[in-house]
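A look at the structure
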Amino acid sequence: MLRGLYTGANGMISQQVRMDVIANNLANVDKTAFKKDTTVFKTFPEMLLHRYSEDGIGKTPMGSFDTSPVVGKLGFGAEVNEVYTRFEQGAVKKTDNIFDLMIQDQPGMEKPAFFSVLTNRGERLTRSGSFVLDKNGFVVTPQGFPLLGEKGPIQVNQGNFLVKENGEIYINSKLGTAPKDGTNFSENRFEDPVLLDTIKIRTVENPRHLDKEGDSFYSDTPESGEPTKFPTLLAPQVLQGYLEASNVSVVTEMVDMIEVNRAYEANSKTMQTQDSLLGRLFEIMR
């Protein structure tokens, strides 16, 4: 009887975790390049039930037989196995802001691509391409962390920043990179283009094992593997003047939320029924 209470409680706890994940997805539906989380459940190890016998073996002239045969399996409910991130690409949003960048995944890509950003905790990965130019001319995240190129932090000036689809960054050498020499991008003809750097884009072997750190940052783990380059033929495109929307579907999350509420209620009713039967049992035993 108590086993039924534990099974119902496990079900309620599991659904509570799933509800928290759905709520987090909905809270970040408008966040640039946010990737939704999905909850995966598993059952507790099942036990085999045997008919009880003191010795377990019966003797006959022809040999012996089992007096405690298996009568079935006994389950102990469900538990949360993991909460993993789905890296499907979100919708494309055009902004026409030259410091907005988006990674366009290519057909056949099995692993997602990430920008590399230097934070105060070390190098981190991100899908969010919403960057700005700080007072020193560095391309940084809204939190002030610089975007990395293959040569290090990227320093340009206002209006002198052109990114090709392969991630190469070009500037007009006549304007240089000093912040005071900035100009309007529409007036810059790039008559003397010079390759400044290439945006550092990386991936990992097992992206589902990346750790989310907030502010759209991911850190690699021993399970995910260290960040590596893409092969040239599979390298993603970089779009300038575009941003990636989140891959969260509000309709899907709301349907899942209704499903979770009903499952939570069913487990709650199971516990109430078990409690009622246990109370009647105690009354009979008095």
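Residues numbered from 1 in each chain as written. Predicted model: local features only at pLDDT ≥ 70, side-chain atom pairs only at ≥ 80, totals over all residues. Heavy atoms only, no water.

Description of the overall build of the protein
Convention followed: Here a strand is any run of E in DSSP of at least two residues, a helix any run of H or I of at least four, and the numbering for each starts at the N terminus. Put simply, the radius of gyration uses C-alpha atoms, and a globule should come to 2.2 Å times the residue count raised to 0.38. Burial here depends on accessible area, computed with a 1.4 Å probe over protein chains only, as a share of the maximum for the residue type. Under 20% is buried, over 50% is exposed, and the range in between is partly exposed. Residues are treated as being in contact if the distance between any of their heavy atoms lies within 4.5 Å.
Across its full length, the protein carries two helices and 22 strands. The C-alpha radius of gyration of the protein comes to 29 Å, more than 25% above the 19 Å expected for a compact globule of 286 residues. Principal-axis analysis of the C-alpha atoms places the extent of the protein at approximately 100 × 45 × 35 Å. Counting over 286 residues, the protein shows a buried share of 40%. The contacts of the protein with a sequence gap of at least 6 include a subset with a gap of at least 24, amounting to 68%.

Digging into the sheet that holds strand E20 (residues 217-219)
Worth spelling out the cut-off: Only strands that DSSP links by at least two bridges are regarded as paired with each other.
Taken in spatial order, the five strands of this open sheet run E18-E9-E10-E20-E19, and their pairing is antiparallel. Because the sheet does not close on itself, it has two edges, and the strands there are strand E18 (201-202) and strand E19 (211-214). Two elements, E19 and E20, share three bridges in a ladder whose sense is antiparallel. Pairing of Asp 211 across the sheet is with Ser 219, part of E20.

Section: the sheet that holds strand E15 (residues 162-163)
The antiparallel open sheet is built from three strands, whose spatial order is E15-E16-E17. One side of each edge strand has no neighbouring strand; the edge strands of this open sheet are E15 and strand E17 (193-198). Taken together, the two bridges between E15 and strand E16 (residues 168-172) define a ladder with antiparallel strand orientation. For Leu 162, the partnering residue across the bridge sits in E16 and is Tyr 170.

Remarks on a negative patch on the surface
To keep it simple, the criterion reads: For patch detection, residues must exceed 30% relative accessible area and be free of salt bridges, and they are connected within 9 Å for like charges or within 5 Å for nonpolar side chains (Val, Leu, Ile, Met, Phe, Trp, Tyr). With residues, only the protein chains shown are counted as cover, and all accessible areas are computed by Shrake-Rupley using a 1.4 Å probe. In the sections that follow, a salt bridge refers to a side-chain nitrogen of Lys or Arg positioned within 4 Å of a carboxyl oxygen of Asp or Glu. For the purpose of charge, His is not counted, nor are the chain termini; Lys and Arg are scored as positive and Asp and Glu as negative. By convention, charge coordinates are those of NZ in Lys, CZ in Arg, CG in Asp, or CD in Glu.
There is a patch of like negative charges on the surface, built from Asp 211, Asp 220, Glu 223 and Glu 226. Looking at where Asp 211 falls in the secondary structure, it is placed in strand E19.

As far as function goes, none of this settles anything; it's purely spatial.
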